[in-house]
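Architecture and fold: a report
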Amino acid sequence: PYDMPQRKRFDTGTIVIRGENNMTIKDLKPGMSATVQTLLGHGALKRRMLDMGITRGTRVVMNKRAPFGDPLIINVRGYTLSLRGEDAESVSVAA
C-alpha cells in the first residue's frame, strides 16, 4: 500500500510535502546533529535563515528544547541560535 506524504501548511501559504525520510530541525532530538538539505520557506523567512547562516550543507546540532518544545536551541557555525518551532520546520535536514 502507498502511504500519502504528510502535508504541512505554513502561514506563508506554502504547502510543503514531507515524506517519511525527510526530517526538519524540529524533528531532531537534543544531542543529534544533521546537515541542512533545503530551506522549505520563501521570502522573508528564507532570507532570515540565510542571514543566520543556515545554508545548504551546514552542520547543525540540536542543543535543547524549551519545556513546551518551543523555541529550540541549536548550534550553527560555532554559535548558539534560538529558533521558533515553525521556523525550524522550514529547514529540511539529513542525519
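For the structure itself, look to the data block above.
First, a word on what this report is: a plain description of the structure on this page. These figures come from a predicted structure and were not determined experimentally.

**Brief notes about the overall build of the protein**
Within the protein one finds two helices and eight strands. Starting at the N terminus, the α and β elements of the protein follow one another as β-β-β-β-α-β-β-β-α-β. Pairs at least 24 apart in sequence give 58% of the contacts found in the protein among residues at least 6 apart. Carbon and sulfur atoms form 52% of the exposed surface of the protein, whose accessible area is close to 5,900 Å².

**Considering the pairing of strand 8 (residues 91-94)**
Bridge analysis of strand 3 (residues 23-24) against strand 8 gives two bridges, and the strand direction is antiparallel. Its bridge partner lying in strand 8, Thr24 is registered against Ser92. Relative to strand 8, strand 4 (residues 33-39) runs antiparallel, the two sharing four bridges. Each residue of the ladder has a partner; that of Leu39, found in strand 8, is Val91.

**A short note on unusual backbone geometry**
With phi around 50 degrees, Arg77 is a residue other than glycine that occupies positive phi space. Structurally, Arg77 can be placed in the loop between strand 6 (72-76) and strand 7 (79-83). Judged by relative accessible area, which is 55%, Arg77 ranks as exposed.

**Quick word on the pairing of strand 7**
Bridge count between strand 6 and strand 7: five bridges; the pairing is antiparallel. In the strand pairing of strand 7, Asn75 is matched with Thr80. Counting the residues in the hairpin turn of strand 6 and strand 7 gives two residues, including Arg77, whose phi is positive at 50 degrees.

**Concerning the nonpolar core**
Core analysis: the biggest nonpolar cluster contains 19 residues, and Ile25, Met49, Ile54, Ile74, Leu83, Val91 and Val93 have the highest contact counts within it. Mapped onto this core, the elements with two or more residues apiece are strand 4, helix 1 (44-51), strand 5 (59-65), strand 6, strand 7 and strand 8. Not counting residues within four places of it along the chain, the set of residues in contact with Ile74 comprises Ile25, Ile54, Val61, Met62, Asn63, Tyr79, Thr80, Leu81 and Leu83.

The rules behind each value
Residues numbered from 1 in each chain as written. Predicted model: local features only at pLDDT ≥ 70, side-chain atom pairs only at ≥ 80, totals over all residues. Heavy atoms only, no water. Helix = DSSP H or I, 4+ residues; strand = E, 2+ residues; numbered from the N terminus. Contact = heavy atoms within 4.5 Å. Areas by Shrake-Rupley, 256 points an atom, 1.4 Å probe, with all protein chains shown as cover. Pairing = 2+ DSSP bridges. Buried < 20%, exposed > 50% of the residue type's maximum accessible area, 1.4 Å probe, protein only. Core = buried A, V, L, I, M, F, W, Y, C linked by side-chain atoms within 4.5 Å.

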